[in-house]
Structures are given as structure tokens and as C-alpha cells.
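Survey of secondary and tertiary structure
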Amino acid sequence: MADEDDDFSSTRPHVGGFRLRWDVFLSFRGEDTRETITKNLYEALQRRGVRVFLDNDGLDRGDDIGPTLLEAIEDSAAAIIVLSPRLILPLFYQVDPSDVRRQTGPFEEHFRLHEQVFDSATVSGWRTAMTKLGAKAGYVFSSSREEAELIPDEEKKKEAELIERLVRKVLTEIKKTPMGLTPYPVGLHSRVEEVMKLLDIGSKTVQVVGVHGMGGIGKTTLAKALFNRLVGHFERHRHSFISNIREISAGRDEKGLVTLQNKLISDLSNGTVAKINQTSAGIAAIKAAVNEKRVLLVLDDVDNIDVLSALVGNGQWFYERSRIIVTTRDRELLSNHRVNHKLYEVRELDGSDALELFSHHALGIREIPADTFLKLSKEIVDLTGGLPLALEVFGSSLYDKRTEKVWIDALHKLRQIRPRDLQDVLMISYNALDDQEKCIFLDIACLLFVKMKTKREDAIVILKGCGFDGEIVLTVLTARSLIKITEDTTL
């Protein structure tokens, strides 16, 4: 029986993709496993912080997989399928994998019945799926029901061991689940490869890389892609990505620094260390958390030396092979802090990449336009200066405006602003909103909802109470790339 951890077949998410809603889709059928191994496995994964989708009602015989289940499958990083003797169609639970592969034993009679009800093509497809599934290496729980009646304690022990091995495997796999990236990351791959060379994964020394560039140039997107690329090289609870640092530390007081320290300490200790309330205590806790442990740390949007002092010191706290990435608009930040580091400048997109990104957001196509919009697109791209954020926002503002006159008017407005000025580009998109959209956007921009970490649905309810049509406006603002909704639906 193939039950070795290394042979377990799983689906690994691509490192450049989105962070999925679920870590594991736990699939089962039949009452014989609901209250036994399925329940125990579900609870074991939950205790370890794994996000598990479990259809409480299971699947009834002959039922089609509903839209909700299909969405859950697509939105899961891994799947565990519990197979038992009562399964009609797909852990092998008290069943031999060869019976699954050949549709013999407990499956033989059920398939014979299905052949009397369903057409031959449908049943043949099911048989093919079962054959492929039975051929995969998996985890096998093979004690018989007779053995269970005689030695229940031993059966429970075997089941607990199997569950623990499954949990360990799942934890190993989901730590590779990536952070969400922009849906269309043009030019990102080459940037990732360039920074990877600076990080020098093969080196035993601590490597610190400062990623710098102007606002809207794509530093955060690059940092997320690097984190996704590297996280699989580090053990669970040995990595941390801290975003929005400039915003959190805006007051330059101890409160903001303590908040950042607690975030880092929690990430590296799985929340087992009590929160601190002074930076000095935070420094001590961070030193303890990274002591003789190689870690991956990404600090996004750092704008003052105090943050570096509170989170990384002079870099000598960290164990060999650790990797630290700092994104900033200030090229001299790391030099002024006297941290041994390397620098990487994120530059504007080149002409072809910039045109491709703009075309995607403005026209909904991945190819460079070949019609009357080509000349206009090239002029707009030139005026936005190859800034990814400007291209995305301005392009999105033109998405539903496919007339040459509107584009010429937009181009005229671009010519009136300072060359390559991101704020002025964004102002053009803002001015295109109606009064209600502007009002709601300003509420969000002034952090009314952001500071409260408001969920999208809650924001809609609040806005509705103020007389606004929040559902429509949030959809418009999102479509025009003026606001972002995070993976957990937070504004």
C-alpha cells in the first residue's frame, strides 16, 4: 500500500498566483466516515490553523456537484478525498486502493446499479476517474470493522497516527500558498529573477536587499512575488510579510513601532508569545524568535530608520541563511541605518510592457491594439511614464469608453499635467467620478473604512444607511482600480 508522505499526490498552487480562500478542501461521502476519520481529520487541521472547507451535508448519491462546491474546490490549495466502502463515486478508509482502481470489491455492485440508470458514456467517465484516483499514492487506513470491534483502542491509535501524518503533509504544502498578486503582472518575471540573484539563496550569510523606487512603480507587487518564490524554502512560522509600514508608523511614535513588532513576533511564534507594549521588550522578543532560526522577512513601504531599528536592528540579530527584503521610496534608508545590504531599483516599464498593461486595463485585451486606438494608446503610455499603477488606474477609467472622442479628451487632460506625475494622473480618474462616487471614495481615502478594517459587505450596509448606493459605487471604484478589495473582502 502506498502511504509514504513523499509519494502523496497534491496540487501545488503556482507561486505567482493568488492566495486562495481555503487551504484544504476535505471531501467525503457517506455517514460511515462523517463522525469518524473525516471529523477527526477536520478538527485536527482546524487546531493547527488550517482553513478547511467541509461540506457538512456531504454529497448524496447521484447528485451533481453544485456551484458552491465547485467554487470551493477551485479556491482551495489542496484537497483530501476520503474513500470508504460506501462510496459510489470518489485517505482510502477501510478500502483497498486496488478496489478503487478496478471498481471491484465494495464498488462493484454500485457501479452495476449505476449502469442500469445512467448512460454508458457517463459511467465510463466515472470508471476512468476512479481508475486514475486508485492509481495515485495516498494514505491508507485499512483496519477492518471486525478488528475495530476487538481492539478499538489500537484502531483509534492507528487513525490518530494517520491523521497526524496528513496534517503534517498539509501544513508543509499550504505554507507554499502564495500571496495575492495583481491579475496581470506584466514585466514582473524578469524583475523577480534579478532580485533573486541579489538574494543569493545558496549563500550561508544573511542577505538584506533594499528594493527602492518611486510610488506606484510596483515595489509591493515585486515584494509579494519574491515572498511567494522564497516562502517554500522556509519552515512554517519562519516567515513574515509586513505591509503598509509607512501608514502604520506615520506618527513616528512608539505605538506604531510596537504594533509592527507585535505583528512580526506573532508571525514568527504562531501567536504563542504574549504581546509586548514597549519597543525595548519587542526587540528582545524578536531576538529570541529569530535565535538560531533562518527566517524570511519582508518589510514593505518603510520610510524611516526607527522602523528598521525596531524590527531588524543592524541585521546581526538574524541567523545564517536568513533573507530580509525592504521596500522603500528612500534609496539611502538602509545606508543611513548602516545595514550591510544590496540595492535594487524598480524602474518604469519599457514601452512594449507598458503598452501591454495599458491595453489590458483599457481594452480588455492582452495584445497590443492594432486599430485606431493604437496611436492614442502609445501617447497615453508615454505621458504616464511607464508607472504600473498609473497605467492600471487610467486604463481602467477608459475601459467602458470605446469612442475615439473620449480617448482624445483623456489624452488632452494628460497633456495638461506634470510629466510622469502619479498624483495628477490619479486626479484625472477621480474627476471622472460622479458626486456620489467622489464622496464615497474620499471617505475610503481618508481611512474612514480602512482604519476600521471594514469588510465590503459591512461597508455597503453603512453606506446604504447614509443614503448611498454602496454596492454600485464600490463596484465602480474597484473596476476603475481606485480602491482594492483584499482577499478576505476587506477594504
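About the thresholds
Residues numbered from 1 in each chain as written. Predicted model: local features only at pLDDT ≥ 70, side-chain atom pairs only at ≥ 80, totals over all residues. Heavy atoms only, no water. Pairing = 2+ DSSP bridges. Helix = DSSP H or I, 4+ residues; strand = E, 2+ residues; numbered from the N terminus. Axes fitted to C-alpha atoms, helices over the stretch in contact; angles between N-to-C directions. Contact = heavy atoms within 4.5 Å. pLDDT = per-residue confidence, 0-100. Buried < 20%, exposed > 50% of the residue type's maximum accessible area, 1.4 Å probe, protein only. Salt bridge = Lys/Arg side-chain N within 4 Å of Asp/Glu carboxyl O. Polar contact = N/O pair within 3.5 Å; in protein donor to acceptor, adjacent residues only side chain to side chain. Core = buried A, V, L, I, M, F, W, Y, C linked by side-chain atoms within 4.5 Å. Expected span 1.5 Å × (residues − 1). Phe/Tyr/Trp six-rings, centres within 6.5 Å; stacked < 30°, edge-to-face > 60°. Lys NZ or Arg CZ within 6 Å of the ring centre and 35° of its normal. Lys, Arg positive; Asp, Glu negative; His and termini not counted.

**Quick word on the sheet that holds strand β8 (residues 296-299)**
- Read from one edge to the other, the open sheet built from five strands follows the order β7-β8-β9-β6-β10, with strand pairing classed as parallel. Taken across any chain shown, the strands that pair with only one partner, and hence form the sheet edges, are β7 (239-242) and β10 (342-345). Strand-to-strand twist of the sheet, defined as the mean angle between neighbouring strand axes without regard to direction, takes the value 15°.
- In terms of strand pairing, β7 meets β8 through four bridges, oriented parallel. Across the sheet, serine 240 pairs through a bridge with leucine 297, a residue of β8.
- Contacts from helix α9 (residues 188-199) reach β6 (207-212), β9 (323-328) and β10, with the element oriented near 170° to β10.
- Of the strands in this sheet, β7 and β8 are in contact with helix α12 (residues 254-269), which crosses β7 at around 150°.

**Here we look at the confidence of the model for the protein chain**
- For the protein chain, the mean per-residue pLDDT works out to 76, and 73% of the residues sit at or above 70.
- When the elements of the protein chain are averaged for pLDDT, helix α7 (residues 145-150) gives the smallest value, 47, and β8 the largest, 94.
- For the stretch residues 57-64, pLDDT sits under 50, and the model shows eleven contacts to residues farther than four places along the chain or on other chains.
- Counting interchain partners and residues more than four positions distant, the pLDDT-below-50 stretch residues 86-90 has 20 contacts.

**Let's talk about helix α18 (residues 388-397)**
- Counting buried positions over the ten residues of α18 gives nine, a clear majority of the element.
- Burial in α18 covers these residues: Pro388, Ala390, Leu391, Glu392, Val393, Phe394, Gly395, Ser396 and Ser397.

**Remarks on the pattern of salt bridges**
- Here the structure, examined in full by the defined rule, presents ten salt bridges.
- For the salt bridge of aspartate 301 with arginine 246, the shortest nitrogen-to-oxygen distance reads 3.0 Å. Remark: arginine 246 occurs in helix α11 (residues 245-248) and aspartate 301 occurs in the loop between β8 and α14 (305-311); sequence separation between them is 55 residues.
- What emerges from the salt-bridge pattern is a single network uniting Glu108, Glu109 and Arg112.

**What to know about the environment of tyrosine 344**
- Within the element layout of this structure, tyrosine 344 appears in strand β10.
- For tyrosine 344, a relative accessible area of 12% puts it in the buried group.
- In this structure, the C-alpha to C-alpha distance between tyrosine 344 and valine 195, residues 149 residues apart in sequence, is 6.9 Å.
- A distance of 2.4 Å separates a polar atom in the side chain of tyrosine 344 from a polar atom in the side chain of glutamate 194.

**What about the side chain of serine 322?**
- Relative to the assigned elements, serine 322 resides in the loop between α14 and β9.
- For serine 322, a relative accessible area of 0% translates into the label buried.
- Here tyrosine 319 takes part through its backbone oxygen, which lies 2.8 Å from a polar atom of the side chain of serine 322.
- Those residues in contact with serine 322, other than ones at most four positions away along the chain, are Thr205, Val206, Gln207, Lys293, Arg294 and Val295.

**As for the nonpolar core**
- In terms of nonpolar packing, the biggest core is built from 30 residues, with Leu299, Val302, Leu308, Leu311, Val312 and Phe318 touching the most fellow members.
- If you list the elements that add at least two residues to this core, you get α12, α13 (279-290), β8, α14, β9 and α15 (333-336).
- Counting residues per element, this core draws most heavily on α12, which supplies six residues.
- Once residues lying within four places of it in the same chain are set aside, the contact partners of leucine 308 are Leu299, Val302, Gly313, Val326, Leu333, Leu334 and His337.
- Listed in part, the 25 residues of the second largest apolar core include Leu199, Phe227, Val231 and Ile325.

**So, the environment of phenylalanine 25**
- Summarising the element assignment, phenylalanine 25 is placed in strand β1 (residues 22-27).
- Residue class for phenylalanine 25 comes out buried when judged on its relative accessible area of 9%.
- Considered as a pair, phenylalanine 25 and isoleucine 80 are 55 residues apart in the sequence and their alpha carbons are 6.3 Å apart.

**Some remarks on helix α10 (residues 219-230)**
- The end-to-end C-alpha separation of α10 is 16 Å, in line with the 16 Å expected for twelve residues at 1.5 Å each.
- Where α10 is concerned, the buried positions are Lys219, Leu222, Ala223, Ala225, Leu226, Phe227, Asn228 and Leu230.
- On its buried face, α10 sits against α9, β6, β7, β8, β9 and β10.

**Looking at the packing of aromatic side chains**
- Applying the stated criterion across every chain yields a total of four aromatic pairs.
- Ring centres of phenylalanine 118 and tryptophan 126 lie 4.9 Å apart, and the angle between their planes is 75°; on these two criteria the pair is classed as edge-to-face.
- Assessed through its relative accessible area of 28%, phenylalanine 118 is described here as partly exposed.
- Ring centres 6.5 Å apart and planes at 20° place the aromatic pair tryptophan 317 and phenylalanine 318 in the stacked group.
- You can call phenylalanine 318 buried: its relative accessible area is 7%.
- The lysine or arginine in question, arginine 294, covers the ring of phenylalanine 234, its NZ or CZ lying 4.2 Å from the ring centre.

**Overview of the pairing of β6**
- Across the six residues that make up β6, a large majority, six, are buried.
- Across the two faces of β6 the burial is the same, with Gln207, Val209 and Val211 and Val208, Gly210 and His212 all buried.
- Looking at chain direction, β6 and β9 are connected through six bridges and run parallel. Within the sheet, the bridge partner assigned to valine 211 lies in β9 and is threonine 327.

**A few points about the side chain of arginine 323**
- For arginine 323, the position within the fold is in strand β9.
- Notably, arginine 323 is buried but unbridged: the nearest opposite-charge side chain belongs to aspartate 200, and the N-O separation is 5.7 Å.
- Side-chain polar atoms of arginine 323 contact the backbone oxygen of arginine 321, separated by 3.3 Å.
- Leave out the neighbours within four places in its chain, and arginine 323 touches Leu199, Asp200, Ile201, Gly202, Ser203, Thr205, Val206, Gln207, Phe234, Val295, Leu296 and Leu297.

**Notes on unusual backbone geometry**
- Even without glycine at this site, glutamine 103 takes up a positive phi of about 55°.
- Note that glutamine 103 resides in the loop between α4 (97-102) and α5 (108-117).
- Assessed through its relative accessible area of 7%, glutamine 103 is described here as buried.
- Phi angles above zero are rare outside glycine, and aspartate 200 is one such case at about 45°.
- Topologically, aspartate 200 is positioned in the loop between α9 and β6.

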